[in-house]
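Descriptive structure summary
Listed below, chain by chain, are the residues.
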Amino acid sequence: MVSRFSYTLDSSLDSVSKVEEAAEDLAQKSGLDEDQTFQLTMAVREAAVNAVLHGNAYDPEKKIVASFENNGSSLIIRISDQGNGLDPATLPDPLAPENLLSGSGRGIFLIRSFMDEVHFKLLHPGTELTLIKHLDSTQKSA
Amino acid sequence: MSMKISTRQVDGVTVLDLSGRITLGEGSVQLRNAVRELLGKGSKDILLNLADVNYIDSSGIGELVSAFTAARNQGGELKLLKLTKKVHDLLQITKLYTVFDIKDDEAQAIAAFSKA
C-alpha cells in the first residue's frame, strides 16, 4: 500500500520544524528503529534547512514543498525550493583538511551519510532533493 | 525545545552546562553569543558540557567548530565534556572527533586545561 502526503510551506524555521516532525512520524509509522528514525529525521531536517536558508533565503514570496511517500519498499522524501539552484558538484568536501574547521557546509554531507540514495534535480527556478531510504523486510508500509 | 545554558567557574575554567537542542536559529545563536561574551570578558578557557544536549544539527556542529576556533584564536582553549551517543556519532562522521579535546570526566577535563 502506498501512502503519500505533501506540504507547501513558507520559507521559515517553523516550516523546518513541521517537515522534521512529519519525517519522524513517517519513520516511526514505517517501522524504522530509533537510530534509523534519528538519521532519516535529521537528513530531512537538513534538506529543509537547505531549502529555506540557502535556496529561498527566507524569502516570504517563495515556498518550499515537502512530500513524503512510503511505497512499501522505500521511503521517498522530496524537498524543493524556489531559489537559484544548487549544483552539488560545487559543494566543498567537509572532510578535507582545509575544510575541517569550517563553521558550515556539512548539511548535504550528513544527508548523504544517512540516506541510501540522494538525488538533486534542478528546477526552474530552484532545486529538488530526493532522499530515499530502503525498507527491509521487517519494516511495513505506513 | 530551545537550549538552556548555565555558567559556572571551576579552577579558572568556565563551564557551560548546555541542555536541549543546538540547531539553526535559537540554539546555535545562544551558544555563539555565550562564547563571544566569555571571550570578550577574557574568559578564554571554556568547557562545554553537552551531557544534556539531545540533538544537534549541522548548524550546531558548525557553531561548536566556530567556538573552538574563536577560543583558540584568542589564545584560549575550548573542550567538550560528556557527549551523548548521537552527538558522539555525528562528530565521528564529520571527522571532528579528533579535532576537539573530548572528555567524559569533568575533573579530568578541568585538569587538562591547567596542564596546557
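For every chain, the first residue of the written sequence is number 1, and numbering continues from 1 onward in sequence order. A letter from A marks each chain and a number from 1 marks each ligand, given out in the order of writing. Local features in a predicted model are, by the rule used here, given only for residues with pLDDT of at least 70; side-chain atom pairs are given and counted only at 80 or more, and totals for whole chains, interfaces and linings are based on all residues.

1. With respect to the sheet that holds strand S1 (residues 3-10) of chain A
Think of a sheet as strands paired side by side through backbone hydrogen bonds, with each pair either parallel or antiparallel. Residues and elements named next belong to chain A. So the rule is basically this: Pairs of strands are assigned from DSSP output, requiring at least two bridges between the strands. We count a stretch as a helix when DSSP gives it H or I for four or more residues in a row; a strand needs E for two or more, and each element gets its number in order from the N terminus. Every axis corresponds to a line fitted to the C-alpha atoms, with the helix fit spanning only the stretch in contact, and the corresponding angles, defined between N-to-C directions, vary from 0 to 180 degrees. Any residue pair is listed as a contact if its two C-beta atoms, each placed from the backbone, are within 7 Å.
In space, the five strands of this open sheet follow the order S1-S2-S3-S5-S4, with antiparallel pairing throughout. With one partner strand each, in any of the chains shown, S1 and strand S4 (117-122) form the two edges of the open sheet. Each adjacent strand pair in this sheet contributes to an overall mean axis angle of 15 degrees, direction not counted. Pairing of strand S3 (residues 74-80) with strand S5 (residues 127-134), which is carried by seven bridges, proceeds in the antiparallel orientation. Looking at the pairing, Ser 74 lines up with His 134 of S5. Here helix H1 (residues 13-29) sits on the sheet and contacts S1, strand S2 (63-70) and S3; the angle it forms with S2, its principal contact strand, is near 5 degrees.

2. Regarding the interface of chain B and chain A
Condition: When residues are sorted by character, Ala, Val, Leu, Ile, Met, Phe, Trp, Tyr, Cys and Pro go into the nonpolar class, Asp, Glu, Lys and Arg into the charged class, and all the rest, Gly among them, into the polar class.
With 14 residues of chain B at the contact, the number on the chain A side is 18 residues. At the level of elements, helix H2 (58-73) and helix H3 (85-93) of chain B are the ones that each hand at least two residues to the side of chain B that touches chain A. For the side of chain B that touches chain A, a count of residues per class yields five nonpolar, six polar and three charged.

3. Things to note about the nonpolar core
All names here are of chain B. Inclusion rule: For the purposes of this analysis, a nonpolar core is taken to be any set of buried Ala, Val, Leu, Ile, Met, Phe, Trp, Tyr and Cys residues that are connected through C-beta atoms within 7 Å. Counting other C-beta atoms within 10 Å of each residue's C-beta, where C-beta atoms are placed from the backbone, gives the exposure class: buried for 20 or more, exposed for 12 or fewer, partly exposed between.
Core analysis: the biggest nonpolar cluster contains 33 residues, and Ile 46, Leu 48 and Leu 50 have the highest contact counts within it. Considering each element in turn, this core owes the most residues, seven residues, to strand S3 (residues 45-56). Ignoring anything within four residues of it in the chain, the contact list for Leu 50 reads Leu 18, Leu 80, Leu 81, Lys 82, Leu 83, Thr 84 and Val 87.

4. Observations regarding unusual backbone geometry
Between His 124 of chain A and Pro 125 of chain A the backbone carries a cis peptide bond, its omega angle lying at 5 degrees. Here Pro 125 of chain A shows up in the loop between S4 and S5. Positive phi, normally seen in glycine, also occurs at Lys 95 of chain B, with a value near 65 degrees. Here Lys 95 of chain B shows up in the loop between H3 and strand S5 (102-103). C-beta crowding within 10 Å serves as the criterion here: with 14 such atoms nearby, Lys 95 of chain B is assigned to the partly exposed category.

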